[in-house]
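Overview (structure and organization)
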Amino acid sequence: MESDERVIMIGQGVRNPWYVGSTADGLDKRFGSKRIIDPPVSENGMNGVAIGAALSGLLPIVIHPRLDFLIMGLEQVFNQAANWSYTFGGKSNVPLVVRGIINRGGEQGAQHSQAIQAMFAHVPGLKVVMPASAHDAKGLLIAAVADPNPVIYIDDRWLYDVSDEVPEEMYSVEIGRGTVLRQGSDVTIVAMSAMVPLAVTAAQTLALEGIDVEIVDPRTIKPLDIELICSSVEKTGRLVIADAAWRTASFSAEIAALVSEYSFDSLQSKIVRVTLPNTPAPSSTSEEQHFYPTPDNIIQAVRSLF
(Lines give C-alpha, C1' and ligand atoms only; values in the text may rest on other atoms or scores of the structure.)
Protein backbone atom coordinates (compact mmCIF):
# COMPACT_ATOMS: atom_id res chain seq x y z
CA MET A 1 0.00 0.00 0.00
CA GLU A 2 2.96 2.31 0.54
CA SER A 3 4.35 1.58 -2.91
CA ASP A 4 1.08 1.81 -4.85
CA GLU A 5 -1.71 4.18 -3.86
CA ARG A 6 -4.15 2.23 -6.05
CA VAL A 7 -4.23 -0.62 -3.51
CA ILE A 8 -7.24 -0.46 -1.21
CA MET A 9 -8.65 -2.88 1.36
CA ILE A 10 -12.36 -3.54 1.84
CA GLY A 11 -13.73 -5.96 4.40
CA GLN A 12 -15.67 -6.64 7.53
CA GLY A 13 -13.54 -6.11 10.59
CA VAL A 14 -10.42 -4.78 8.85
CA ARG A 15 -9.97 -2.50 11.86
CA ASN A 16 -10.27 -5.47 14.24
CA PRO A 17 -7.12 -7.64 14.43
CA TRP A 18 -9.16 -10.76 15.35
CA TYR A 19 -10.81 -10.87 11.95
CA VAL A 20 -7.66 -10.88 9.82
CA GLY A 21 -4.97 -11.79 12.31
CA SER A 22 -2.46 -8.98 12.67
CA THR A 23 -2.23 -8.30 8.94
CA ALA A 24 -4.32 -5.11 9.10
CA ASP A 25 -3.05 -3.72 12.40
CA GLY A 26 -2.73 0.05 12.21
CA LEU A 27 -3.44 0.27 8.49
CA ASP A 28 -6.47 2.50 8.98
CA LYS A 29 -4.31 5.00 10.86
CA ARG A 30 -1.56 4.90 8.23
CA PHE A 31 -3.71 5.03 5.10
CA GLY A 32 -7.04 6.45 6.23
CA SER A 33 -10.64 5.43 5.81
CA LYS A 34 -10.66 6.00 2.04
CA ARG A 35 -8.22 3.12 1.54
CA ILE A 36 -9.08 0.91 4.52
CA ILE A 37 -12.83 0.45 4.32
CA ASP A 38 -14.99 -1.42 6.82
CA PRO A 39 -18.33 -1.62 4.97
CA PRO A 40 -21.81 -2.63 6.08
CA VAL A 41 -22.40 -6.38 6.27
CA SER A 42 -23.27 -7.24 2.68
CA GLU A 43 -21.00 -9.81 1.07
CA ASN A 44 -22.45 -9.44 -2.41
CA GLY A 45 -22.36 -5.67 -2.10
CA MET A 46 -18.75 -5.68 -0.91
CA ASN A 47 -17.67 -7.80 -3.84
CA GLY A 48 -19.60 -5.64 -6.28
CA VAL A 49 -17.98 -2.47 -4.96
CA ALA A 50 -14.55 -4.11 -5.17
CA ILE A 51 -15.15 -5.23 -8.77
CA GLY A 52 -16.27 -1.73 -9.70
CA ALA A 53 -13.17 -0.30 -8.05
CA ALA A 54 -10.97 -2.71 -9.99
CA LEU A 55 -12.64 -1.74 -13.27
CA SER A 56 -12.03 1.92 -12.37
CA GLY A 57 -8.29 1.43 -12.05
CA LEU A 58 -7.84 0.55 -8.39
CA LEU A 59 -6.31 -2.64 -6.96
CA PRO A 60 -8.78 -3.80 -4.30
CA ILE A 61 -8.29 -6.52 -1.72
CA VAL A 62 -11.70 -7.56 -0.43
CA ILE A 63 -11.60 -9.58 2.79
CA HIS A 64 -14.14 -12.11 4.05
CA PRO A 65 -13.13 -13.14 7.59
CA ARG A 66 -15.12 -16.36 7.21
CA LEU A 67 -14.89 -18.17 3.91
CA ASP A 68 -18.39 -19.54 4.51
CA PHE A 69 -19.97 -16.09 4.24
CA LEU A 70 -18.26 -15.42 0.93
CA ILE A 71 -20.86 -17.84 -0.44
CA MET A 72 -23.38 -14.98 -0.21
CA GLY A 73 -21.22 -12.96 -2.59
CA LEU A 74 -20.52 -15.64 -5.18
CA GLU A 75 -22.77 -14.12 -7.85
CA GLN A 76 -20.38 -11.20 -8.18
CA VAL A 77 -17.31 -13.45 -8.12
CA PHE A 78 -18.54 -16.23 -10.42
CA ASN A 79 -20.72 -14.33 -12.88
CA GLN A 80 -18.93 -10.98 -13.00
CA ALA A 81 -15.27 -11.03 -11.95
CA ALA A 82 -14.43 -14.45 -13.37
CA ASN A 83 -16.06 -13.81 -16.75
CA TRP A 84 -15.29 -10.15 -17.34
CA SER A 85 -12.03 -10.41 -19.30
CA TYR A 86 -13.38 -13.25 -21.46
CA THR A 87 -16.65 -11.45 -22.13
CA PHE A 88 -14.87 -8.31 -23.30
CA GLY A 89 -12.17 -10.04 -25.32
CA GLY A 90 -9.38 -9.21 -22.89
CA LYS A 91 -9.85 -5.47 -23.35
CA SER A 92 -10.99 -5.00 -19.75
CA ASN A 93 -9.66 -6.90 -16.73
CA VAL A 94 -10.63 -7.20 -13.07
CA PRO A 95 -7.43 -6.99 -10.94
CA LEU A 96 -9.18 -8.15 -7.78
CA VAL A 97 -7.97 -10.12 -4.76
CA VAL A 98 -10.67 -11.87 -2.75
CA ARG A 99 -9.21 -13.02 0.55
CA GLY A 100 -11.28 -15.60 2.39
CA ILE A 101 -10.27 -17.11 5.73
CA ILE A 102 -11.03 -20.70 6.71
CA ASN A 103 -12.02 -21.10 10.35
CA ARG A 104 -11.77 -24.43 12.14
CA GLY A 105 -12.33 -25.78 15.61
CA GLY A 106 -13.43 -23.91 18.68
CA GLU A 107 -16.93 -25.33 18.37
CA GLN A 108 -17.72 -22.90 15.56
CA GLY A 109 -19.97 -25.41 13.86
CA ALA A 110 -21.23 -26.11 10.39
CA GLN A 111 -21.74 -22.55 9.14
CA HIS A 112 -18.38 -21.15 10.23
CA SER A 113 -15.88 -23.88 9.38
CA GLN A 114 -16.18 -24.71 5.70
CA ALA A 115 -13.25 -25.15 3.31
CA ILE A 116 -14.73 -24.63 -0.16
CA GLN A 117 -11.61 -23.99 -2.24
CA ALA A 118 -12.64 -26.63 -4.79
CA MET A 119 -15.66 -24.49 -5.72
CA PHE A 120 -13.44 -21.60 -6.76
CA ALA A 121 -10.95 -23.83 -8.58
CA HIS A 122 -13.83 -25.17 -10.68
CA VAL A 123 -14.65 -21.76 -12.19
CA PRO A 124 -12.75 -20.57 -15.30
CA GLY A 125 -11.26 -17.13 -14.91
CA LEU A 126 -10.28 -17.45 -11.27
CA LYS A 127 -6.88 -18.22 -9.81
CA VAL A 128 -6.78 -19.81 -6.36
CA VAL A 129 -3.84 -19.63 -3.96
CA MET A 130 -3.50 -21.29 -0.53
CA PRO A 131 -0.28 -20.38 1.32
CA ALA A 132 0.93 -22.62 4.13
CA SER A 133 3.83 -20.51 5.45
CA ALA A 134 4.37 -16.92 6.49
CA HIS A 135 6.89 -16.47 3.69
CA ASP A 136 4.45 -17.69 1.05
CA ALA A 137 1.54 -15.78 2.60
CA LYS A 138 3.29 -12.48 1.95
CA GLY A 139 4.77 -13.45 -1.41
CA LEU A 140 1.53 -14.84 -2.80
CA LEU A 141 -0.50 -11.85 -1.61
CA ILE A 142 1.88 -9.46 -3.37
CA ALA A 143 1.72 -11.61 -6.51
CA ALA A 144 -2.07 -11.70 -6.30
CA VAL A 145 -2.33 -7.92 -6.07
CA ALA A 146 -0.03 -7.57 -9.10
CA ASP A 147 -2.04 -10.07 -11.16
CA PRO A 148 -4.34 -8.43 -13.73
CA ASN A 149 -7.08 -11.00 -13.14
CA PRO A 150 -9.15 -12.04 -10.09
CA VAL A 151 -7.33 -14.15 -7.53
CA ILE A 152 -8.99 -16.02 -4.67
CA TYR A 153 -6.54 -15.92 -1.77
CA ILE A 154 -7.47 -18.47 0.88
CA ASP A 155 -5.69 -18.69 4.20
CA ASP A 156 -6.46 -20.81 7.23
CA ARG A 157 -6.75 -19.39 10.73
CA TRP A 158 -5.06 -22.54 12.05
CA LEU A 159 -1.87 -21.32 10.38
CA TYR A 160 -1.80 -17.95 12.11
CA ASP A 161 0.65 -19.21 14.75
CA VAL A 162 3.10 -20.48 12.12
CA SER A 163 6.25 -18.36 11.86
CA ASP A 164 9.29 -18.44 9.59
CA GLU A 165 11.74 -16.09 7.92
CA VAL A 166 9.96 -13.34 5.99
CA PRO A 167 12.00 -10.69 4.14
CA GLU A 168 11.05 -7.11 4.94
CA GLU A 169 11.33 -6.03 1.33
CA MET A 170 8.71 -6.56 -1.36
CA TYR A 171 8.90 -9.95 -3.04
CA SER A 172 6.47 -12.25 -4.78
CA VAL A 173 5.92 -15.99 -4.97
CA GLU A 174 4.99 -17.09 -8.46
CA ILE A 175 1.36 -18.10 -8.80
CA GLY A 176 1.20 -21.61 -10.23
CA ARG A 177 4.57 -22.77 -8.92
CA GLY A 178 4.62 -25.36 -6.14
CA THR A 179 7.52 -26.30 -3.90
CA VAL A 180 9.11 -29.45 -2.49
CA LEU A 181 9.36 -28.94 1.25
CA ARG A 182 11.07 -32.25 1.98
CA GLN A 183 12.94 -34.55 -0.36
CA GLY A 184 12.12 -38.25 -0.13
CA SER A 185 12.21 -41.46 -2.12
CA ASP A 186 9.44 -43.74 -0.81
CA VAL A 187 6.17 -41.81 -0.94
CA THR A 188 4.89 -38.40 -1.98
CA ILE A 189 2.56 -36.42 0.25
CA VAL A 190 0.82 -33.53 -1.48
CA ALA A 191 -0.44 -31.32 1.34
CA MET A 192 -2.39 -28.10 1.05
CA SER A 193 -2.67 -25.14 3.41
CA ALA A 194 -3.15 -26.20 7.07
CA MET A 195 -2.35 -29.81 6.18
CA VAL A 196 1.26 -28.92 5.41
CA PRO A 197 2.55 -28.75 9.03
CA LEU A 198 0.64 -31.95 9.78
CA ALA A 199 2.39 -33.65 6.86
CA VAL A 200 5.77 -32.44 8.11
CA THR A 201 5.08 -33.90 11.55
CA ALA A 202 3.93 -37.17 9.99
CA ALA A 203 7.05 -37.37 7.84
CA GLN A 204 9.29 -37.02 10.88
CA THR A 205 7.55 -39.95 12.57
CA LEU A 206 7.62 -42.07 9.43
CA ALA A 207 11.34 -41.41 9.02
CA LEU A 208 11.91 -43.26 12.30
CA GLU A 209 10.23 -46.28 10.66
CA GLY A 210 12.50 -46.07 7.63
CA ILE A 211 9.89 -44.53 5.32
CA ASP A 212 11.36 -41.60 3.38
CA VAL A 213 8.62 -39.06 2.65
CA GLU A 214 8.68 -36.33 0.02
CA ILE A 215 6.34 -33.41 0.75
CA VAL A 216 4.96 -31.22 -2.04
CA ASP A 217 3.11 -28.01 -1.26
CA PRO A 218 1.28 -26.81 -4.39
CA ARG A 219 0.84 -23.33 -2.85
CA THR A 220 -1.49 -22.60 -5.76
CA ILE A 221 -4.31 -24.97 -6.63
CA LYS A 222 -5.24 -23.07 -9.76
CA PRO A 223 -3.16 -22.99 -11.82
CA LEU A 224 -1.80 -26.22 -10.36
CA ASP A 225 1.84 -27.22 -10.70
CA ILE A 226 0.91 -30.72 -11.82
CA GLU A 227 4.33 -31.19 -13.43
CA LEU A 228 5.99 -30.90 -10.02
CA ILE A 229 3.52 -33.31 -8.44
CA CYS A 230 3.84 -35.88 -11.20
CA SER A 231 7.62 -35.61 -11.15
CA SER A 232 7.60 -36.44 -7.45
CA VAL A 233 5.18 -39.35 -7.88
CA GLU A 234 7.23 -40.75 -10.73
CA LYS A 235 10.21 -40.78 -8.37
CA THR A 236 8.49 -42.30 -5.32
CA GLY A 237 5.74 -44.40 -6.93
CA ARG A 238 3.25 -43.66 -4.15
CA LEU A 239 0.92 -40.76 -3.39
CA VAL A 240 -1.03 -39.51 -0.37
CA ILE A 241 -3.05 -36.31 -0.75
CA ALA A 242 -3.88 -34.29 2.37
CA ASP A 243 -6.69 -31.81 1.90
CA ALA A 244 -8.73 -30.55 4.85
CA ALA A 245 -11.95 -30.27 2.87
CA TRP A 246 -14.90 -32.59 2.30
CA ARG A 247 -13.95 -35.76 0.47
CA THR A 248 -16.49 -35.78 -2.35
CA ALA A 249 -15.47 -33.53 -5.27
CA SER A 250 -12.64 -32.06 -3.17
CA PHE A 251 -9.51 -30.74 -4.83
CA SER A 252 -7.76 -33.89 -3.67
CA ALA A 253 -9.92 -35.75 -6.19
CA GLU A 254 -8.69 -33.46 -8.97
CA ILE A 255 -5.06 -34.14 -8.05
CA ALA A 256 -5.70 -37.88 -7.89
CA ALA A 257 -7.36 -37.79 -11.31
CA LEU A 258 -4.52 -35.81 -12.89
CA VAL A 259 -1.83 -38.10 -11.47
CA SER A 260 -3.78 -41.13 -12.68
CA GLU A 261 -4.01 -39.51 -16.11
CA TYR A 262 -0.38 -38.45 -16.50
CA SER A 263 1.67 -40.75 -14.24
CA PHE A 264 -0.40 -43.91 -13.85
CA ASP A 265 2.41 -46.23 -14.97
CA SER A 266 4.64 -44.94 -12.18
CA LEU A 267 2.22 -45.80 -9.38
CA GLN A 268 3.16 -48.82 -7.29
CA SER A 269 0.00 -48.69 -5.17
CA LYS A 270 -3.37 -46.99 -4.93
CA ILE A 271 -3.68 -43.26 -4.29
CA VAL A 272 -4.89 -42.47 -0.76
CA ARG A 273 -6.61 -39.26 0.31
CA VAL A 274 -6.77 -37.75 3.80
CA THR A 275 -9.78 -35.43 3.91
CA LEU A 276 -12.70 -34.36 6.04
CA PRO A 277 -15.64 -36.76 6.21
CA ASN A 278 -18.70 -35.90 4.14
CA THR A 279 -20.54 -34.33 7.06
CA PRO A 280 -20.93 -30.75 8.31
CA ALA A 281 -18.46 -29.62 10.94
CA PRO A 282 -19.56 -30.57 14.48
CA SER A 283 -20.17 -28.09 17.26
CA SER A 284 -18.51 -29.92 20.15
CA THR A 285 -14.84 -30.24 20.99
CA SER A 286 -15.01 -34.00 21.49
CA GLU A 287 -16.50 -34.52 18.03
CA GLU A 288 -14.03 -32.08 16.44
CA GLN A 289 -11.20 -34.30 17.63
CA HIS A 290 -12.50 -37.05 15.37
CA PHE A 291 -13.63 -34.79 12.53
CA TYR A 292 -10.43 -32.92 11.68
CA PRO A 293 -7.38 -34.76 10.27
CA THR A 294 -4.29 -35.24 12.41
CA PRO A 295 -0.71 -36.28 11.66
CA ASP A 296 -1.70 -39.79 12.72
CA ASN A 297 -4.28 -39.94 9.93
CA ILE A 298 -1.57 -39.12 7.43
CA ILE A 299 0.79 -41.66 9.00
CA GLN A 300 -1.85 -44.39 8.73
CA ALA A 301 -2.52 -43.44 5.11
CA VAL A 302 1.17 -43.75 4.23
CA ARG A 303 1.53 -47.06 6.03
CA SER A 304 -1.38 -48.48 4.03
CA LEU A 305 0.63 -48.12 0.84
CA PHE A 306 3.33 -50.60 1.85
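Residues numbered from 1 in each chain as written. Predicted model: local features only at pLDDT ≥ 70, side-chain atom pairs only at ≥ 80, totals over all residues. Heavy atoms only, no water.

As a further point, take the overall build of the protein chain. Each helix and strand in the protein chain was counted, giving 11 helices and 13 strands. Taken over the C-alpha atoms alone, the protein chain extends approximately 60 × 45 × 35 Å along its principal axes. In the protein chain, buried positions account for 51% of the 306 residues. A sequence separation of at least 24 residues applies to 82% of the contacts in the protein chain between residues at least 6 apart. When the accessible surface of the protein chain is summed, it comes to about 13600 Å², and 53% of that surface belongs to carbon and sulfur atoms. Of note, the protein chain has its 23 positive side-chain charges centred 3 Å away from the centre of its 35 negative side-chain charges. (Helix = DSSP H or I, 4+ residues; strand = E, 2+ residues; numbered from the N terminus. Buried < 20%, exposed > 50% of the residue type's maximum accessible area, 1.4 Å probe, protein only. Contact = heavy atoms within 4.5 Å. Areas by Shrake-Rupley, 256 points an atom, 1.4 Å probe, with all protein chains shown as cover. Lys, Arg positive; Asp, Glu negative; His and termini not counted. Charge placed at Lys NZ, Arg CZ, Asp CG, Glu CD.)

Another point: the packing of helix H2 (residues 43-55) against helix H3 (residues 74-81). For any two helices packed against each other, one specifies the inter-axial angle together with the distance between the axes. For the pair H2 and H3, the least separation of the axes is 7 Å and the interaxial angle reads 35°. Contact residues: Asn-44, Asn-47, Gly-48 and Ile-51 in H2; Leu-74, Glu-75, Gln-76, Val-77, Gln-80 and Ala-81 in H3. Split by residue class, the contact of H2 with H3 holds four nonpolar, five polar and one charged. (Axes fitted to C-alpha atoms, helices over the stretch in contact; angles between N-to-C directions. Nonpolar A, V, L, I, M, F, W, Y, C, P; charged D, E, K, R; others polar.)

As a further point, take the sheet that holds strand E9 (residues 187-191). Pairing between the strands of a sheet comes from backbone hydrogen bonds, and it takes one of two forms, parallel or antiparallel. Judged by pairing direction, the sheet is mixed, and its five strands sit side by side in the order E8-E10-E9-E12-E13 without closing on themselves. Edge positions in the open sheet fall to strand E8 (179-182) and strand E13 (272-276), since each of these has one partner strand only. Neighbour to neighbour, the strand axes of the sheet diverge by 25° on average, direction disregarded. Strand direction decides the pairing type here: strand E12 (residues 239-246) and E13, joined by four bridges, are parallel. (Pairing = 2+ DSSP bridges.)

Membership of the largest hydrophobic core comes to 46 residues, with the highest contact counts inside it found for Leu-96, Phe-120, Ile-152, Ile-154, Ile-229, Ile-255 and Val-259. Ranked by size, the runner-up nonpolar core spans 24 residues in total, among them Ala-132, Ile-211, Val-240 and Ala-244. (Core = buried A, V, L, I, M, F, W, Y, C linked by side-chain atoms within 4.5 Å.)

For the rest of this paragraph, the subject is the environment of Gly-100. Structurally, Gly-100 can be placed in strand E5 (residues 97-102). Through-space distance from the C-alpha of Gly-100 to that of Pro-150 is 13 Å; in sequence the pair is 50 residues apart.

Under the definition given, this model contains four aromatic pairs. Their ring planes at 35° and their centres at 4.9 Å tell us that Trp-84 and Phe-88 sit as a pair that is tilted. For the ring pair Trp-158 and Tyr-292, a centre distance of 5.0 Å and an interplane angle of 65° mean the geometry is edge-to-face. Of this pair, Trp-158 sits in the loop between strand E7 (151-156) and E8 while Tyr-292 sits in the loop between helix H10 (285-291) and helix H11 (295-303), and the two are 134 residues apart along the sequence. One aromatic cluster in this structure is built from Trp-158, Phe-291 and Tyr-292. (Phe/Tyr/Trp six-rings, centres within 6.5 Å; stacked < 30°, edge-to-face > 60°.)

For the rest of this paragraph, the subject is the pattern of salt bridges. Summed over all chains, the structure comprises 10 salt bridges. Linking Arg-30 and Glu-2 is a salt bridge whose minimum nitrogen-to-oxygen distance equals 2.2 Å. In this pair, Arg-30 sits in helix H1 (residues 27-31) while Glu-2 sits in the segment before strand E1 (7-11), placing the two residues 28 residues apart along the sequence. In this pair, the class of Arg-30 matches that of Glu-2, namely exposed. Note that Arg-177 is salt-bridged to Glu-174, the shortest N-O span being 3.6 Å. Assessed through its relative accessible area of 44%, Arg-177 is described here as partly exposed. (Salt bridge = Lys/Arg side-chain N within 4 Å of Asp/Glu carboxyl O.)

Our next topic: the sheet that holds E5. Judged by pairing direction, the sheet is mixed, and its seven strands sit side by side in the order E3-E1-E4-E5-E7-E6-E11 without closing on themselves. Both outer strands of the open sheet, strand E3 (36-37) and strand E11 (220-222), are each paired with one neighbouring strand and no more. In terms of strand pairing, E5 meets E7 through six bridges, oriented parallel. Within E7, the position partnered with Gly-100 by the bridge is Ile-154. On top of the sheet, helix H6 (residues 134-146) reaches E1, strand E4 (59-64), E5, strand E6 (127-129), E7 and E11; it is set at about 160° to E7, its chief contact.

With that settled, the discussion passes to the environment of Arg-15. Among the secondary structure elements, Arg-15 is positioned in the loop between E1 and strand E2 (19-22). Taking the C-alpha atoms as reference points, Arg-15 and Glu-254, 239 residues apart in sequence, are found 37 Å from one another. Those residues in contact with Arg-15 that sit more than four places away from it in its chain are Asp-28, Ser-33, Ile-36 and Asp-38.

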